[in-house]
Amino acid sequence: RTFFITEKTLRCIINRRPFLVQGPKHYLKNLQLLGFKTFDNWWSESYDSDHADARYLTFCNQIDWIATQSSHTIEQWYKEMQPTLEHNIQCLQQLTTEKILTTEFIA
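Residues numbered from 1 in each chain as written. Predicted model: local features only at pLDDT ≥ 70, side-chain atom pairs only at ≥ 80, totals over all residues. Heavy atoms only, no water.

(A) Summary view of the packing of helix 1 (residues 7–14) against helix 4 (residues 71–94). Between helix 1 and helix 4, the least distance of the axes is 8 Å, while the angle of their chain directions is 120°. It follows that helix 1 is oblique to helix 4 by the angle criterion. In this structure, helix 1 uses Leu10, Ile13 and Ile14 to contact helix 4, whose residues at the interface are Asn88, Ile89 and Leu92. Its residues placed into classes, the contact of helix 1 with helix 4 shows five nonpolar, one polar and no charged. (Axes fitted to C-alpha atoms, helices over the stretch in contact; angles between N-to-C directions. Helix = DSSP H or I, 4+ residues; strand = E, 2+ residues; numbered from the N terminus. Parallel < 35°, antiparallel > 145°, perpendicular 65-115°, else oblique. Contact = heavy atoms within 4.5 Å. Nonpolar A, V, L, I, M, F, W, Y, C, P; charged D, E, K, R; others polar.)

(B) Spatial organisation of unusual backbone geometry. Positive phi, close to 55°, is recorded for Arg16, a residue that is not glycine. Mapped onto the secondary structure, Arg16 falls in the loop between helix 1 and helix 2 (27–33). At His26, a position not held by glycine, the phi torsion is positive, near 70°. Structurally, His26 can be placed in the loop between helix 1 and helix 2. A residue is classified by how much of its surface remains accessible, and His26, at 12% relative accessible area, is buried. (Buried < 20%, exposed > 50% of the residue type's maximum accessible area, 1.4 Å probe, protein only.)

(C) Structural detail: the side chain of Asp50. Looking at the element boundaries, Asp50 is found in the loop between helix 2 and helix 3 (52–67). An unpaired buried charge is present at Asp50: no salt bridge exists, and Arg55, the closest side chain of opposite charge, is 7.2 Å distant. Here Asp50 is in contact with Lys25, Arg55 and Thr58, once residues within four sequence places are set aside. (Lys, Arg positive; Asp, Glu negative; His and termini not counted. Salt bridge = Lys/Arg side-chain N within 4 Å of Asp/Glu carboxyl O.)

(D) Quick look at helix 4. Across its 24 residues, helix 4 extends 34 Å between first and last C-alpha, which sits within 8% of the 34 Å expected from 1.5 Å per residue. The sharpest bend along helix 4 reaches about 50° and sits at Met81, with the proline Pro83 one to four residues further on. Turning to helix 4, its buried residues are Trp77, Met81, Thr84, Leu85, Asn88, Ile89 and Cys91. Those residues of helix 4 that are buried lie in contact with helix 1 and helix 3. (Expected span 1.5 Å × (residues − 1). Bend = angle between axes of the 7 residues up to and from the residue.)

Encoded structure:
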């Protein structure tokens, strides 16, 4: 039952950028347990709970779908995401070792 936020995710949070994560099952759910918000209002995050064999393909399909969106749509999403991006940086600033140690992560 370990969970490790990588520098790749932290870099997105610090720079107020949305992200998708190709990582272990339930990575996004574990971020949410720590209080972070993810981006399921804008795209599907179903890949987070897929089995290992399917997760990569679902993840790639999601990237391909996002890539088909117009620049206007992407710009609109980014404007809409501002409260989520601000929430995440505040959550990171308030994250404590105790919170990490006492959170029961999903394996």
